[in-house]
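Analysis of the macromolecular model
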Amino acid sequence: MSQHPRPLPQHPMHHQQIASLQNQRDPHSPKQHPHQQHMHPSRLQELFEALKHEVEMMSKEASMQKVYRDELEKKLGHQINEMAAFQQALYDLERIHNQMKQKYEEEIHHLRSMLDQQNPERRKGFPEGAPPTLATRPQQGNGSFGNLMPHQMYDKRRDSDPHLRQPQVSKPPPMPQVQQMQQLPPQIQQPPPQMQPMHQPPMQQLPPQMPPKPKPVEPERGRASPSHPPAPTQKKPEEWVLATNPDAYQIQSSGLNVELLHSIEHSSVVCCVKFSPDGKYIATGCNHYAQVFEIASGRRVALLEDTNREGKDPKEDLYIRSVCFSPDGVFLATGAEDHVIRVWDIAHKEIKVRLHGHEADIYSLDWSRDGKLVVSGSGDKTVKVWETESGRLLNSLSNDRDESLLQHQRQNSKDSGVTSVAIRPSGVCVAAGSLDEMIRVWDLRTGHLLERFQGHKNSVYSVAFSPDGMSIVSGSLDRSLIIWNLSPQTLAILSAPADPSVVPPVQITTKYRYRFEGHSDFVLSVGYPGLDGSLGRVDRDGRPLQDAIPELEWIISGSKDRHVIFWDARSSDPEPKPLMTLQGHKNSVISIGLGPNGGLFATGSGDQKARVWRVSLDQQPHPPQLLPASLVKQE
């Protein structure tokens with residue numbers, strides 16, 4: 001039987017010595033926690049008191065923060081209430097202003113009506129609210145656009161200097177200045193203020209200066225003229241601003257670009273711009289002459305001036321109000337203040353034929369796509385249809401023949417001078433905008449009035465057909481654009497064979513498809529590129545792209561407010577908003593021309609410039625660096 005070894009006897013302090021030795025050997029061994037040690041009651045009481053004091057301090061600080069927060073919330077609520085009251089006051093002031101404006105407009109209209117009754121010939125040929133011409137130019141500018149020319153009101157020193165003031169036709173008693181400015185038609189001749197940064201107010205305008213006279217230069221080969229204009233200057237960086245609607249998602253995400261290709265200086269106001277059918281050239285009209293420029297280079301290829309003006313002084317102003325190319329691009333028709341249409345052979349710089357028959361200024365021309373007809377609109381209230389081959393007048397469509405006007409409309413009818421004409425792409429009818437706020441559609445085959453559109457509140461200055469010929473867009477001095485759809489009755493007549501013996505009833509249309517309001521001043525020009533145009537469907541070099549901006553039916557408008565606005569005719573918004581706004585001129589945008597290809601459009605302005613622009617897409621789309629529409633300066 002085995003026995004366990006007997007344990008050796010140990011000293012009572014043996015275990016403490018061993019532990020002490022172990023602690024010395026292992027410095028990282030855990031020590032006994034302080035709480036495991038015995039704590040005196042007085043020390044514990046001190047810790048409790050310190051903790052209680054700390055909690056009280058934090059409670060007081062939290063209370064102070066709460067009071068501070070309540071004060072801030074109270075101040076914020078007070079400021080919000082003040083802002084709401086201020087906003088309401090602004091709304092009230094705007095409402096009162098509109099009421100006063102309406103009252104003054106009605107009073108001015110009443111006074112003009114009284115003066116017109118006393119002297120019916122007083123304002124013949126002028127739009128509503130147009131100022132009378134100065135006595136320095138009798139027999140000129142007496143049409144509906146006479147007030148647009150710079151020779152009439154350019155030098156405003158006449159108004160302040162009694163030695164320069166000249167007699168004027170009597171005017172109604174003056175209203176407050178703000179209201180008179182609202183009534184003035186487009187004063188494209190006034191020197192514009194310098195364009196300011198978007199966030200700054202415009203600087204005070206300098207005194208206006210007289211328009212520069214054309215500088216004599218070496219005559220071009222093939223013609224002689226005592227007063228040639230200077231050739232276009234080299235393109236230099238120009239100040240212009242593009243703004244976009246942040247809600248227009250098609251624009252924001254598409255990589256859209258608007259580029260200024262050419263800025264062509266003129267010696268006077270640019271009244272009209274028009275592209276050739278092949279898109280390679282652009283024609284402009286200004287004082288004395290029309291010019292033709294090559295798009296690719298910006299080079300002028302022709303200057304067309306009629307120096308044989310039937311005994312009239314060649315130095316006397318003669319503004320070319322409208323230009324139009326023939327479908328083959330060989331000829332250019334021009335309409336002027338002397339009531340004459342001239343058809344030029346561009347290559348030889350010679351007049352092929354002069355068309356006489358109008359009794360007032362000619363403001364608009366259009367050439368049918370088959371090349372057989374030229375249509376002209378004039379302040380004499382007529383649309384005339386000419387045969388291009390022979391120069392024979394085929395028909396004269398007079399607004400005075402509009403038998404569909406009601407009795408009260410006849411009694412209170414305004415001057416119905418024709419300001420704009422547009423031939424339907426099919427060539428069977430023409431739309432004509434007039435000073436009497438109406439658009440009339442005439443059958444070119446029979447001369448019958450088919451339809452009259454009523455809805456504008458002031459003179460209509462520009463009309464254009466949609467590419468499919470189913471709709472018309474009109475721009476007016478009421479600052480709006482309206483899209484009208486041709487009625488089914490009108491479309492049925494146009495699609496049927498012509499029968500001059502049958503006089504159809506005139507369709508009177510007051511219901512429009514869209515009304516666009518975004519300009520701050522008179523709308524002077526419109527264009528309808530539509531769905532099939534090249535805007536936004538080319539690259540930066542003008543080459544067509546397969547992937548274009550979808551579902552945008554483009555419409556372009558130019559205004560006295562110096563802006564060009566782009567719209568979508570297919571907008572689902574009951575109150576359509578602008579897609580983009582371009583401020584590219586320092587004076588009124590009088591004319592817009594649409595290029596048939598290359599994403600091009602052109603603008604003519606009172607700042608004596610014609611500009612060619614391109615709307616293109618980046619091949620790798622990215623959001624364009626554009627300003628929000630709310631930052632666009634509205635003057």
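Residues numbered from 1 in each chain as written. Predicted model: local features only at pLDDT ≥ 70, side-chain atom pairs only at ≥ 80, totals over all residues. Heavy atoms only, no water.

1. With respect to the overall build of the chain
- Scanning the chain from terminus to terminus reveals eight helices and 31 strands.
- Across the 635 residues in the chain, those meeting the buried criterion constitute 49%.
- Counting only contacts in the chain whose residues sit at least 6 apart along the sequence, the fraction spanning at least 24 positions is 60%.
- Accessible surface, the chain: about 34100 Å² in total, of which carbon and sulfur atoms supply 53%. (Helix = DSSP H or I, 4+ residues; strand = E, 2+ residues; numbered from the N terminus. Buried < 20%, exposed > 50% of the residue type's maximum accessible area, 1.4 Å probe, protein only. Contact = heavy atoms within 4.5 Å. Areas by Shrake-Rupley, 256 points an atom, 1.4 Å probe, with all protein chains shown as cover.)

2. A few points about helix H2 (residues 41–118)
- Taking 1.5 Å per residue, 78 residues should reach 116 Å; H2 reaches 115 Å between its end C-alpha atoms and fits that length.
- Looking at H2, one finds that the buried residues are Lys101, Ile108 and Arg112. (Expected span 1.5 Å × (residues − 1).)

3. A word on the sheet that holds strand S29 (residues 600–605)
- The strand order across the open sheet formed by four strands is S2-S30-S29-S28, and the pairing between neighbours is antiparallel. The open sheet terminates on both sides in strands that have one partner only, identified here as strand S2 (256–265) and strand S28 (589–594). Strand-to-strand, the axes of this sheet are offset by a mean angle of 20°, without reference to chain direction. (Pairing = 2+ DSSP bridges. Axes fitted to C-alpha atoms, helices over the stretch in contact; angles between N-to-C directions.)

4. Thoughts on the pattern of salt bridges
- Taken as a whole, this structure holds 20 salt bridges when the rule is applied.
- Notably, a salt bridge pairs aspartate 443 with arginine 445, separated by 3.1 Å at the nearest N-O pair.
- For aspartate 443, a relative accessible area of 2% translates into the label buried.
- Residue classification places arginine 445 among the partly exposed positions, given a relative accessible area of 33%.
- Among the charged side chains, a network of salt bridges with common partners joins Asp306, Asp338, Arg342 and Arg354. (Salt bridge = Lys/Arg side-chain N within 4 Å of Asp/Glu carboxyl O.)

5. Re the pairing of strand S25 (residues 554–559)
- Judged by how many residues are buried, S25 sits mostly within the fold: six of six residues are covered.
- Residues Trp554, Ile556 and Gly558 of S25 are buried on one face, and the alternating residues Ile555, Ser557 and Ser559, pointing to the opposite face, are buried as well.
- With five bridges joining them, strand S24 (residues 523–530) and S25 adopt antiparallel strand pairing. In the sheet register, glycine 530 faces S25, and the bridge partner there is tryptophan 554.
- Bridge count between S25 and strand S26 (residues 563–568): five bridges; the pairing is antiparallel.

6. Some thoughts on a nonpolar patch on the surface
- The grouping of Leu44, Leu47 and Phe48 at the surface amounts to a nonpolar patch, some 280 Å² of accessible area in total.
- Examined against the element boundaries, leucine 44 turns out to sit in helix H2. (Patch = residues over 30% accessible without salt bridge, like charges linked within 9 Å, V, L, I, M, F, W, Y side chains within 5 Å.)

7. Let's talk about the confidence of the model for the chain
- Mean pLDDT over the chain works out to 77, with 70% of the residues at or above the 70 mark.
- No element of the chain has a lower mean pLDDT than helix H5 (residues 177–183), at 33, and none a higher one than strand S3 (residues 272–275), at 98.
- Of the regions scoring below 50 in pLDDT, residues 122–236 engages in 257 contacts with residues more than four places distant in sequence or in other chains.
- Here residues 621–635 is modelled with pLDDT under 50, and outside its nearest four sequence neighbours on either side it reaches 43 contacts, counting other chains as well. (pLDDT = per-residue confidence, 0-100.)

8. Concerning the sheet that holds strand S9 (residues 341–345)
- On the basis of which strands lie adjacent, the open sheet formed by four strands has the order S7-S8-S9-S10 and antiparallel pairing. Edge positions in the open sheet fall to strand S7 (320–325) and strand S10 (350–355), since each of these has one partner strand only. Ignoring strand direction, the axes of neighbouring strands in this sheet form an average angle of 25°.
- For S7 and strand S8 (residues 331–336), the ladder comprises five bridges, and the chain directions are antiparallel. Opposite isoleucine 320, over in S8, you have alanine 336 as the bridge partner.

9. Quick word on the nonpolar core
- Counting residues in hydrophobic clusters, the biggest one holds 21 residues, and the most contacted among them are Ile251, Trp554, Val564, Phe566, Met580, Leu582 and Phe601.
- Listed in part, the 16 residues of the second largest apolar core include Val441, Val460, Phe465 and Ile482. (Core = buried A, V, L, I, M, F, W, Y, C linked by side-chain atoms within 4.5 Å.)

10. Section: the pairing of S26
- Most of S26 sits out of view: six of its six residues are buried.
- Burial along S26 is two-sided: the residues His563, Ile565 and Trp567 and Val564, Phe566 and Asp568 are all buried.
- Between S25 and S26, which follow one another and run antiparallel, lie three residues, and arginine 562 among them has a positive phi close to 75°.
- Summarising the sheet, S26 and strand S27 (residues 580–583) pair through four bridges and their orientation is antiparallel. Note on S27: the bridge partner recorded for isoleucine 565 is threonine 581.

11. Points about the environment of serine 588
- If you trace the backbone, serine 588 turns up in the loop between S27 and S28.
- Serine 588 sits 30 residues away from glycine 558 along the chain, and the two C-alpha atoms are 7.9 Å apart.
- Polar contacts involving the side chain of serine 588 include one to the side chain of asparagine 587, which spans 3.4 Å. (Polar contact = N/O pair within 3.5 Å; in protein donor to acceptor, adjacent residues only side chain to side chain.)

12. Brief notes about unusual backbone geometry
- Within the chain, glutamate 437 stands out as a residue other than glycine whose phi angle is a positive 75°.
- At glutamine 608, a residue that is not glycine, the phi angle is positive and equals roughly 70°.
- Among the structural elements, glutamine 608 can be located in the loop between S29 and strand S30 (609–617).

13. A short note on the packing of aromatic side chains
- Applying the stated criterion across every chain yields a total of eight aromatic pairs.
- Between phenylalanine 453 and tryptophan 484, the ring centres sit 5.2 Å apart and the planes meet at 40°, which makes this aromatic pair tilted. Residue phenylalanine 453 is located in strand S18 (residues 449–454), and its partner tryptophan 484 is located in strand S21 (residues 480–485); the two are separated by 31 residues in the primary sequence.
- Here tryptophan 484 falls in the buried class, since its relative accessible area comes to 0%.
- Measuring from ring centre to ring centre gives 6.2 Å for phenylalanine 601 and tryptophan 613, while their planes differ by 10°; the resulting arrangement is stacked. With phenylalanine 601 in strand S29 and tryptophan 613 in strand S30, this residue pair connects regions lying 12 residues apart in the sequence. When sorted by exposure, phenylalanine 601 lands in the same class as tryptophan 613, which is buried.
- The ring of phenylalanine 331 has lysine 352 sitting right over it, with the charged end atom 4.4 Å from the ring centre. (Phe/Tyr/Trp six-rings, centres within 6.5 Å; stacked < 30°, edge-to-face > 60°. Lys NZ or Arg CZ within 6 Å of the ring centre and 35° of its normal.)

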